[in-house]
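Inside the fold
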Amino acid sequence: MAVSVTASSIPSLCSDRTTRLASSSSNLSSSSSLQFPLHLRRLRIRTYGVSAPSRPRILPPVEAKKQTFSNFDDLLANSDRPVLVDFYATWCGPCQFMAPILNEVSITLNDKIQVVKIDTEKYPSIADKYGIQALPTFIIFKDGKPYDRFEGALNADQLIERIETALKVKQ
Amino acid sequence: MTLQLQAPSFGATISSLPSPLTRSTLRFVIRAQVEPTEKSVEIMRKFSEQYARKSGTYFCVDKGVTSVVIKGLADHKDSLGAPLCPCRHYDDKPAEAGQGFWNCPCVPMRERKECHCMLFLTPENDFAGQDQTITLEEIRESTANI
């Protein structure tokens, strides 16, 4: 699995993001003769010691959008709220059907639960670890452990009800 | 899967560039998308229509779901030689394709008309629509943004 760093863990992440943009633009600069301010160049050199050997893939942290985490277990361990994980695949019809519903639920229950989607084709080891078979499979994690699990598509109301039932028994 | 290179704004330095290179044209988009072949999509589309008729089932009210599944079947047909169910996670896809239980129409569908992909829906299903047909254009439109 590719290793990349979460936004919250290392402060230099901002410089990583800037670095990535700077280094990708440096390709442009060679053709369009742009000169970069010295401090950006210096940042690029500094973060090489911190990041993984492969180019770090970091996307700006946006609510309910794609992010790359170094470790799924870290995500679960460091979450302040229960986590709803959607195991999906690109060409799974019901999974795509659930995408806007998950967005809506994630916004509605923003303070109660964190919604995470895992592409089982990109991360088969995580899917294997939790014995995923049918897609979509939803697992609600509390305190880093699977608490509730259900398969198949459902509408927003049913999903919210299911989540709230699971959260009600929270200590 | 989409890769995008986007140039950040540099403000003053841009004005020194020749005029055709405005900020908007400095955006390079490299799109690397996994798409099934048109031929396979057409084959699976025809199969889906025919099997829905034969089994007395209907497509989903949301044709987007139907389109995605048809493309998923086509994708597996391209990569594995058989239309393995796209709505499952497998340890070993080629082995499963060879074994056949989950090749569309899968055993649960053939025996109990159970299609968790929501491709073939019995009339009493909440999500079942009225159609047993779908055009290539509908498939293309519904999956344009995937």
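So, here's what we can say about the structure. Bear in mind that the values here come from a model prediction, so they are computed numbers and not experimental data.

**Notes on helix α4 (residues 93-108) of chain A**
Across its 16 residues, α4 of chain A extends 24 Å between first and last C-alpha, which sits within 8% of the 22 Å expected from 1.5 Å per residue. Alanine 99 of chain A marks the point of greatest bend in α4 of chain A, at about 35°, and the proline proline 100 of chain A comes within the next four residues. Those residues of α4 of chain A not exposed but buried are Gly93, Pro94, Cys95, Phe97, Met98, Ala99, Ile101, Leu102, Val105 and Ser106 of chain A. Considering only its buried residues, α4 of chain A is in contact with β1 (83-88), β2 (114-119), β3 (137-142) and α6 (156-168) of chain A together with α2 (63-80) of chain B.

**Description of the environment of aspartate 157 of chain A**
Residue and element names in this part refer to chain A. With respect to the helices and strands, aspartate 157 occurs in helix α6. What makes aspartate 157 exposed here is its relative accessible area of 61%. For the pair aspartate 157 and isoleucine 101, spaced 56 residues apart in sequence, the C-alpha to C-alpha distance is 9.4 Å.

**Some remarks on the sheet that holds strand β4 (residues 145-151) of chain A**
Residue and element names in this part refer to chain A. Across the sheet, which stays open at both edges, the four strands sit in the order β2-β1-β3-β4 with mixed pairing between neighbours. Looking along the sheet, the strands with just one partner apiece sit at the ends: β2 and β4. Taken over all neighbouring pairs, the strand axes of this sheet differ in orientation by 25° on average, direction set aside. Where α4 meets the sheet, it contacts β1, β2 and β3, and its direction lies at approximately 160° from that of β2. On the sheet, α6 packs against β1, β3 and β4 and is oriented at approximately 155° with respect to β4.

**Quick look at empty space enclosed by the protein**
Using the criterion set out here, one finds three cavities of 30 Å³ or more in the structure. Of the residues that constitute the lining of the largest cavity, the class distribution is 13 nonpolar, one polar and no charged.

The rules behind these values
Residues numbered from 1 in each chain as written. Chains lettered and ligands numbered in written order. Predicted model: local features only at pLDDT ≥ 70, side-chain atom pairs only at ≥ 80, totals over all residues. Heavy atoms only, no water. Helix = DSSP H or I, 4+ residues; strand = E, 2+ residues; numbered from the N terminus. Expected span 1.5 Å × (residues − 1). Bend = angle between axes of the 7 residues up to and from the residue. Buried < 20%, exposed > 50% of the residue type's maximum accessible area, 1.4 Å probe, protein only. Contact = heavy atoms within 4.5 Å. Pairing = 2+ DSSP bridges. Axes fitted to C-alpha atoms, helices over the stretch in contact; angles between N-to-C directions. 1 Å grid on protein atoms, 1.4 Å probe; cavity = no way out; pocket = protein on both sides within 12 Å on 5 of 7 lines; lining within 4 Å. Points joined across faces, edges and corners; volume = space filled by probe spheres on them. Nonpolar A, V, L, I, M, F, W, Y, C, P; charged D, E, K, R; others polar.

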